[in-house]
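Next come the chains, spelled out residue by residue.
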Amino acid sequence: MIKLLIISILTSSLAIESEQKGNVNPTDDGLWADSLAAAATASDSMQVCHLAAQESIFADTVMKYSLIELEIAQRLHDTAKIADAYSTLGWAYSNLGNRDSSLAIYMREYELLSSTNDTFRVAKTLYNIACDYNSLNKFAKSLNYYQQALVLFEKIGDLKNIALIQRDLASHDITMRQYDLANEKIREAIRIDKSIDDSSSLASDIYTLILMQFNETKKSISISELHQLDKMADTIGIIANNTKNNLDRGILKFNYYHIKAILYSKMFTLDGQHWRIDSAYKYCDNALKYQYAVKDVDKIVTILLQKAQTSYFDKNSDIGINITDMLQQRYIDSVSLVTKIELYKVTSQCYEAKRDFEKAYIYLCEYITCYISYLNTLNMRENANFDANVRIHELETKQNNENQKTSEKIAQQQRFTTLIIIVLFVGAILLAITFRALLQKRSNVKILNEKNQQMSRQQDEIIAQRNTIEDQRRASERANLITFQSIRYARRIQNAALPSEEHIRRIFPDHFV
């Protein structure tokens, strides 16, 4: 296990260092194989394959290790690793030019990720699908997936990928000659690049914006406007000089020299200063020094065509003819239709300048044929764009309906929740009232019991006092009876001992008793 870690770390370090220097990666079939052989478990093997696929700069090597990683991940039923393998495998197929296989792989990845909550991975996969559909000239589907990816990136606030999609949509608009729309999207991408301090993307977007000025403007560009564009181009050169990665710096340098060559050729046609032509030649040659970084046949051919067109402006058509003849022999089957149109146009101009009108006419016919094909492609794209807009409108309508239903459902749930809250609130009030009444009742019962007990005690006291009074009354009656009997007895004694009252009155008229 320790051996595996050491080899894997060494391999990754060498791969990254080699890529930054712009050299061939020496580890693709050496140390990666050693790391894989040192892996003790299936999980370790899968990790090595993942590192190899991520760090390698060669599509065939990426495909080799991605397939091994996918096989192991499927055996281990590791969904996350399966998705990782699909992603790198799709990239490999795409870079090898097999867009159909790449599209199929990305579709599998999307199906796998659509049930997860990984919004970023889903959006990135949708973007890759859109790029493949665009390469396959299925523009309606491409625009549809671009829009879906854009919505998700906006949802999570991923500004870098939002700018990336704006850039691709602008490229589509440029192809459709909808320069106003393309201008808006490129400027939006530039605004985002500045906000996130993405200097490399900023330079690429400035490059695209300057190129678009020559396509967008129907009137001739003034020399002052060209000087303003030249200052913008200098920004690309400054960013390129400050870029540390050799490959990225090479791409930016290529773009910088390319745009400078175009600008100085245009300036020469306006002011006739011959030193500008010499500068344009120099910029073309400097751009070709960095073709290793671009790896784009169309861009390389475009630089050579710029050099040929510069020779046409310089009235040195032999150089232009040599360049265009070489391009037709080597690259005519490898370039896009737009580049073919430019190639036939420049070739016709050079032969016309040499006064070889027969060949000029032949290439002019080729130019017209390709241009008609290009217009047919544009028409197809316009139809696809219309279909895409219809589809987008349908999706928006469907989304609005779903949002309305969701809003109604939420409102209904809110009303139901409010009703429940009201019922619970009323119930709580009633419960509080009932509880309070119960407490009051208990308090009243307690008070009543206390009063009853007090009344009972008072009643007992009254009864006791009544009994006492009754006993006293009886004692008084007995005493009165005895006294009355004593008086009556004394009276009887008195009556018996004393003469009658009449007799005494006769004797003692003034007596008293």
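Preceding this section is the structure that the text describes.
## Overview of the nonpolar core
What tends to happen in soluble globular proteins is that the nonpolar side chains get buried as a cluster. Formed by 58 residues in total, the largest nonpolar core has its most connected members in Ile210, Phe214, Leu226 and Leu327. A per-element tally of this core places helix 13 (residues 246-271) first, with 10 residues. Excluding anything up to four places from it in sequence, Leu327 contacts Val301, Leu304, Leu305, Ile332 and Leu343. Membership of the second largest hydrophobic core comes to 25 residues, among which are Tyr133, Tyr146, Ile162 and Leu169.

## Digging into helix 5 (residues 79-95)
In this model helix 5 runs 25 Å from its N-terminal to its C-terminal C-alpha over 17 residues, within 8% of the 24 Å that 1.5 Å per residue would give. Taking burial as the measure, the 17 residues of helix 5 include 12 buried ones, the bulk of the element. Three or more residues of helix 5 are buried, namely Lys81, Ile82, Ala83, Asp84, Ala85, Tyr86, Thr88, Leu89, Gly90, Ala92, Tyr93 and Ser94. Taken from the residues just after helix 5, Gly97 is the one with a positive phi, measuring 85 degrees.

## Quick look at the pattern of salt bridges
Tallying each qualifying case throughout the model produces 16 salt bridges. Here Arg167 ties to Asp193 by a salt bridge, and the two come within 3.4 Å at their closest N and O atoms. In this pair, Arg167 is assigned in helix 9 (residues 159-175) and Asp193 in helix 10 (residues 179-195), connecting sequence segments 26 residues apart. The closest approach of N and O atoms between Asp318 and Lys354, which form a salt bridge, is 3.6 Å. With Asp318 in helix 17 (residues 317-331) and Lys354 in the loop between helix 18 (337-353) and helix 19 (357-497), this residue pair connects regions lying 36 residues apart in the sequence. Among the charged side chains, a salt-bridge network with shared partners connects Asp84, Glu109 and Arg121.

## Examining the packing of aromatic side chains
All told, the structure shown has 11 aromatic pairs when counted by the stated rule. Ring geometry for Tyr127 versus Tyr146: centroids 5.9 Å apart, planes at 55 degrees, classification tilted. Taken as a pair, Tyr127 in helix 7 (residues 119-135) and Tyr146 in helix 8 (residues 139-156) lie far apart in primary sequence, 19 residues in all. Residue classification places Tyr127 among the buried residues on the basis of a relative accessible area of 8%. A network of ring pairs unites the aromatic residues Tyr256, Tyr257, Tyr264, Trp275, Tyr283 and Tyr290 as a single cluster. A cation sits over an aromatic face here: Lys282 above Tyr283, 5.2 Å from the ring centre.

## Some remarks on the side chain of Asp205
Within the fold, Asp205 resides in helix 11 (residues 199-216). Engagement of the side chain of Asp205 in a polar contact is seen with the side chain of Arg167, the distance being 2.4 Å. Residue contacts for Asp205: discarding those within four places in its chain leaves Arg167, Ile186, Ala189, Ile190 and Asp193.

Rules and cut-offs
- Residues numbered from 1 in each chain as written.
- Predicted model: local features only at pLDDT ≥ 70, side-chain atom pairs only at ≥ 80, totals over all residues.
- Heavy atoms only, no water.
- Core = buried A, V, L, I, M, F, W, Y, C linked by side-chain atoms within 4.5 Å.
- Buried < 20%, exposed > 50% of the residue type's maximum accessible area, 1.4 Å probe, protein only.
- Helix = DSSP H or I, 4+ residues; strand = E, 2+ residues; numbered from the N terminus.
- Contact = heavy atoms within 4.5 Å.
- Expected span 1.5 Å × (residues − 1).
- Salt bridge = Lys/Arg side-chain N within 4 Å of Asp/Glu carboxyl O.
- Phe/Tyr/Trp six-rings, centres within 6.5 Å; stacked < 30°, edge-to-face > 60°.
- Lys NZ or Arg CZ within 6 Å of the ring centre and 35° of its normal.
- Polar contact = N/O pair within 3.5 Å; in protein donor to acceptor, adjacent residues only side chain to side chain.

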